[in-house]
Each structure stands twice: as C-alpha cells, then as structure tokens.
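Coordinate analysis (summary)
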Amino acid sequence: MTIINEVKHYQNLIAGKLAPSSSGKTMESIDPATGQVWAQIPLCTTEDVETVVESARKAFPSWAALPATERADYLRRIGDSLTEHGQELSALETQDNGWVIRESSYGLIPVLKQIWYDAAGQASIASRGETTPLGPTSFGYTIREPLGVVLGIIPWNAPLFTFSLKAAYALAAGNTVIIKPSELAAIGSLRFGEMLAEILPPGVLNVISGLGSEIGDALVGHKGVNRVSLTGSGRTARSIVQSTVRDPKPLTLELGGKSPNIVFEDADLDKAAEGVTTNGIFTGNAGQICVGGSRILIQRSILDEMLVRMKEKIASEVQLGPTMDFMTSMGPIANVQQYERVCAYIDLGLEEGGKLVYGGRRGGENLLPDQPEFAQGYWVEPTLIQMEKNTARICQEEIFGPVAVVIPFDTEEEALEIANDTSYGLAAGVWTTNLARAQRMVQRIEAGNVWVNTYRRVGVELPFGGFKDSGFGKDSILESTREKTVMIEIG
C-alpha cells in the first residue's frame, strides 16, 4: 500500500499526558477516500489497560468531590473550546472516516457544543434526591452518587458525536471516563482528548486506542470499571455482556437498526422523497448511520410516482467527490471491511430477486474516473433495490451503507406488519398528512424513535435509544449515577 504525504502520529491520553502504547507498536489509519495510509495510532495492550484504569480511579475521588457547579464550569469550557478547535476536529473526522466536510463542520460541531453545554446545565441533577416522612420521629431520603469509572466504547461512523455523548454526561455526574475509540477511526478522538487535557484535571478523561479483541474486552471486564456504554454492533454487545458475567455492571447498549421509512399516498411527496433519500439514507457519511432509513416502504398506489421523484432527488442532490470540498454531499465507505460488506449486500439483493432501481456501481475508478487520486477509495453509489417481500436477507440484515430496499404495501396494517417484521427497533419514519393515521403508527411501531414528516432529527432535549436487538439504556446523566436510600430515626 502506498503511503502519501507525511504520516501523522497520534497518541493516547492517560493521566493527563500523551502516551504511546507500552509496547511502542502502532496501527495504520487509512483515508477511505483514497485508500491510503495517512496516520499512525497506538496499538495498546492489556498493560496499557491497567495503566489507564488506574489513572481514572486515582482521579475519581477529587473529581466526584467537586461541587456540581465547578464540574459544570469545566464542561462549559470544553464547549467553548470547540469554537477554537472545531474546524480542525471536523477536518480530522472527515479524513479519518469519510464523513464529508460540509456535514462534519456545519452539522457536527454545533451539536457537540450543545451536548457539552447541556451536560453542564444538568450537572446539579446528578446530586439531587428526595425526602419522605416515615413517621413523627423518622424520615427517609435518597441521594445520588457517581458510579466511579465509566467506559465509553465508540464506533467508527460518528466518533466525536458518540465521544461527547458518553463523556459529557458521565463527567457532569462526577464520574471519570475512559474512551475506547474504534481502531478504524480513532484520530478525532485522540486529538480531542489531547485538547481536553488542557482543560480537565489529569486522569479525569482518558483516551486509549487498540484492538477491541485485545484491550476492549480487558477494559470491559476490569473490576476497576464501573459502567460500560457501547455504541456499536450486536456482535460487540454480546461480547461485552459475556465479559461482564463475572463482574456485573450497568450497561448501555446502543446498537444497529433496520429502520422503516414509510410513505403513504396522502403524504407531501416532494418532502417524502427527500426524507427517504438524501436525509434518510444517502447521507454525508454514506448511510453509515444507525438510524438510516434502509427500508423504504411506499404505498403501492404512488409507487411509480415516488420512484421517479426519488431518482430525480438522488441524481440532482447526491454529489460524490473530494471529502474536503463543501460541494460534496456524500463520502466513501469508512473502511475496506465495510466497503466489501456493502458491495456483497448489493450483489446479494440482486441474487435474491431484487430489481435495481438506481445505482449499484462501486469503486473510485468507476464513480470518479476523472479524479485518479480516489481510484483506490471505498466509494459506493447511492443504491435502491426494489423487493416485493420483506423476507430477503437484504431486507432483514443491517447493511450500514448507502443501500436501501424499496418495499411496496397496500394498507396501513400491511405497512405496520412489514415495519415491525425485523429483529431491530431503533427508528422509523412516517410520511402522511393524516394525523390520526400518524398517531396510530406511532403507537404501534416497535421502535425507540419515530419521526413523522421528518427524519433523522435529534436533540439533547429528548432521550435516544432502541428496542429489541437495537439495545437498551441511554447516555443520560442519571444513568451515570447510583441511588442510595437513607432512613433516620430522630426520636
């Protein structure tokens, strides 16, 4: 593999200092747009796990003892720092996982600020309790305490977003934090940790990179870790659950999805066409998003009309190209493993009897022939495949890329049956002008997040999580605390 330009080197953050792996070994980080090496990250071992857990545990007592207002001040400073460092972080995110700069800059950085400011505003909630009279001479009350060390395991598709969700609220509650980024996209997290070392006391927040099979399992099973929060795959979640059998601890598991995006004949079809394509699945990070609307259910009476609108929307608005160009609207697949997986699913869908409605091509040499620097990149064209039934593997299994199946339906009951015919339950979209129908769908769809006449809209004001194989728990401030009951006799 050709190495271009100067390869950059990044390090862990442990006990407030930058540190290589104890073995000195590193891993290559690949720019998915070009398929070439651009950086090196630490390849840590179980020896590093012991060091980072010790760092977090040592910092915990003094951080937990701070008044909530003081912890909040630290978090606000982090939010403020994103104004200065946001441009650098968004560029690192784009080069590391292919999420185009116009989304990682305009969309991501303001959201990160909001997360840290919101966590600061909620810091006092983590110490509140309730008082209950138990009789004329006795009363009881509850208090909340931080758990200790919180481990955040974050994915390669949205590292800085999930880093902030898992760290901000845990820190606000008085915990110390260890962040384990995916080895496939760790640069933004390592650099963000370096920035936060200038704000937070040593050891309060730590970032360590390495293979999940090596240090991920060791961190999860470590007795010095008091809570684990994962955003990732079902396979990783099962491994985590097994690792905590002997040492049970609170778990938050935010996993995958196979989300239905349902269009009824009375919908605003222009808005729906955008909602199921460029906003639903053909996103700046190429549909590599857990809530991606990868099953597009369309009422049969408007199927042909909707397909025309959808194809026009994709052709006119999805622009592949240099990820650092603000005109580019969709980037490459984030890594070669995922690229091969997505391509295999396209082939599988056609083998299963699917009809190719749009796209299907892959590879930089085919999609960007006039830009040879991207010839080896992991590019996949926005792809729509029409299926008549929901039983095919391409309809049931998470693809995690710019590939969606189109499934027609006739009645509201049939739409519900198809929507719920999946092991996942993370998100769903409903497009209709009939509010009574919308409410019926909201009540009966088995998903943790349902959008009506919009899609993929989130905010810190509302909880986010899934049902069934999409996981359980939320990265909220109270989930980073434990509740203690006290009873006092004064007679």
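Our subject is the structure that appears above.
Residues numbered from 1 in each chain as written. Predicted model: local features only at pLDDT ≥ 70, side-chain atom pairs only at ≥ 80, totals over all residues. Heavy atoms only, no water.

Description of the overall build of the protein
Convention followed: Only DSSP runs of H or I covering at least 4 residues are called helices, and only runs of E covering at least 2 are called strands; the numbering of each starts at the N terminus. Throughout, the radius of gyration refers to the C-alpha atoms, and the reference size of a globule is 2.2 Å times the residue count to the power 0.38. Categorising residues by exposure relies on relative accessible area from a 1.4 Å probe, with only protein chains included: less than 20% of the type maximum marks a residue as buried, more than 50% marks it as exposed, and the intermediate range marks it as partly exposed. The contact definition used throughout considers only heavy atoms, calling two residues in contact when any of these lie within 4.5 Å. Surface exposure here means Shrake-Rupley accessible area, sampled with a 1.4 Å probe, where a residue is shielded only by the protein chains that are shown. In this tally Asp and Glu are treated as negative and Lys and Arg as positive; neither His nor the chain ends contributes. The atom standing in for a charge is NZ when the residue is Lys, CZ when it is Arg, CG when it is Asp and CD when it is Glu.
Of the regular secondary structure elements, the protein holds 14 helices and 23 strands. Relative to the 2.2 N^0.38 estimate, which gives 23 Å for 491 residues, the radius of gyration of the protein is 23 Å and therefore close to what a compact globule would have. Considered along the principal axes of its C-alpha atoms, the protein spans approximately 75 × 65 × 40 Å. The buried share among the 491 residues of the protein stands at 57%. Contacts in the protein between residues far apart in sequence, at least 24 positions, make up 75% of those at least 6 positions apart. Only carbon and sulfur atoms are counted for the fraction: they give 51% of the accessible area of the protein, which is about 20,200 Å². Averaging the coordinates of the 43 positive side-chain charges in the protein and doing the same for the 59 negative ones gives two points 4 Å apart.

A few points about the nonpolar core
Test applied: For this analysis, a nonpolar core means a set of buried residues of the types Ala, Val, Leu, Ile, Met, Phe, Trp, Tyr and Cys, connected via side-chain atoms within 4.5 Å.
By size, the foremost hydrophobic cluster in this structure holds 71 residues, and its most contacted members are I262, V263, M306, M310 and L384. Setting aside residues up to four positions removed in sequence, M306 forms contacts with V263, L269, A272, A273, V276 and I298. M27, L160, A168 and L171 belong to the second-largest nonpolar core, a separate cluster that totals 50 residues.

Quick notes on the side chain of T176
Examined against the element boundaries, T176 turns out to sit in strand β9 (residues 176-180). With a relative accessible area of 0%, T176 lands in the buried category. Those residues in contact with T176 that sit more than four places away from it in its chain are A56, A59, F60, W63, G148, V149, V150, L171, G203 and V204.

Points about the sheet that holds strand β7 (residues 138-146)
Applicable threshold: At least two DSSP bridges between two strands are required for those strands to pair. Think of each axis as a best-fit line through the C-alpha atoms, taken over the contacting stretch in the case of a helix, with angles from 0 to 180 degrees between the N-to-C directions.
Strand order across the open sheet formed by 3 strands is β6-β7-β23, with antiparallel pairing between neighbours. Of all strands in the sheet, those with a lone pairing partner are β6 (131-135) and β23 (481-489), marking the two edges. Taking each pair of neighbouring strands and ignoring which way they run, the sheet shows an average axis angle of 25°. Pairing geometry for β6 and β7, over 4 bridges, is antiparallel.

Details of the packing of helix α4 (residues 159-172) against helix α5 (residues 187-196)
Short version of the rule: Orientation labels follow simple angle bins: below 35 degrees gives roughly parallel, above 145 gives roughly antiparallel, 65 to 115 gives roughly perpendicular, and whatever is left gives oblique. In this scheme the handedness of a crossing depends on how the near helix is turned from the far one: anticlockwise by less than a right angle means left-handed, clockwise means right-handed. Think of it as three bins: nonpolar holds Ala, Val, Leu, Ile, Met, Phe, Trp, Tyr, Cys and Pro, charged holds Asp, Glu, Lys and Arg, and polar takes everything else, Gly as well.
Two elements in contact, α4 and α5, have axes separated by 9 Å at closest approach and are oriented at 45°. Between α4 and α5, the angle falls in the class oblique. The two elements α4 and α5 cross, and the hand of that crossing is right-handed. Two secondary-structure elements touch here, α4 through P159, L160, F163 and S164 and α5 through G188, S189, F192 and L196. The residue inventory of the contact of α4 with α5, partitioned by class, reads 5 nonpolar, 3 polar and no charged.

Digging into the pairing of strand β11 (residues 227-231)
The condition is simple: By the criterion used throughout, a crossover qualifies as right-handed when its path from the first strand across the helix to the second strand runs clockwise, the strands pointing away from the viewer.
Counting buried residues in β11 gives 5 out of 5 residues, a clear majority hidden from the surface. Taking every second residue as pointing to the same face, both faces of β11 are buried, with R227, S229 and T231 on one and V228 and L230 on the other. The sheet contact formed by β11 and strand β12 (residues 251-254) spans 4 bridges and is parallel. Paired with S229 across the two strands is T252, which belongs to β12. Handedness of the β-α-β unit built from β11, helix α7 (residues 234-243) and β12 comes out right-handed.

Looking at the packing of helix α13 (residues 412-420) against helix α14 (residues 435-444)
Viewed as axis vectors pointing N to C, α13 and α14 meet at an angle of 30°, and their least axial separation amounts to 11 Å. By the angle between their directions, the pair α13 and α14 is classed as roughly parallel. In terms of crossing hand, the pair formed by α13 and α14 is right-handed. Residues E412, E413, A415, L416 and N420 of α13 touch α14, and the partners they reach there are R437, R440, M441 and R444. Of the residues belonging to the contact of α13 with α14, the class tally is 3 nonpolar, 1 polar and 5 charged.

A few points about the sheet that holds strand β20 (residues 449-452)
As summarised here, the arrangement of the 7 strands in space is β15-β16-β17-β14-β13-β19-β20, forming an open sheet in which the pairing is mixed. Of all strands in the sheet, those bounded by a partner on one side alone are β15 (355-358) and β20. Taken over all neighbouring pairs, the strand axes of this sheet differ in orientation by 25° on average, direction set aside. Where strand β14 (residues 295-299) and strand β17 (residues 403-409) come together, 5 bridges link them in parallel fashion. Bridge assignment links I296 to a residue of β17, and that residue is V406.

Some points on the side chain of N97
Note on placement: N97 falls in helix α2 (residues 68-97). Exposure remark for N97: the relative accessible area of 3% places this residue in the buried category. Leaving out residues up to four positions away in the same chain, N97 has contacts with P32, W156, N157, A158, P159, A185, P332 and A334.

Regarding the pattern of salt bridges
Let me state the cut-off plainly: The rule for a salt bridge is simple: a side-chain nitrogen of Lys or Arg has to be within 4 Å of a carboxyl oxygen of Asp or Glu.
Evaluated as defined, the whole model comprises 23 salt bridges. As a salt-bridge pair, R309 and D270 come within 2.4 Å of each other at their nearest N and O atoms. With R309 in helix α9 (residues 303-317) and D270 in helix α8 (residues 269-276), this residue pair connects regions lying 39 residues apart in the sequence. What makes D270 partly exposed here is its relative accessible area of 49%. In this structure, R300 and E388 form a salt bridge, with 3.6 Å as the shortest nitrogen-oxygen distance. Of the two residues, R300 sits in the loop between β14 and α9 while E388 sits in the loop between β16 (383-386) and α12 (393-396), which places them 88 residues apart along the sequence.

Purely spatial values, then, with no claim about function.
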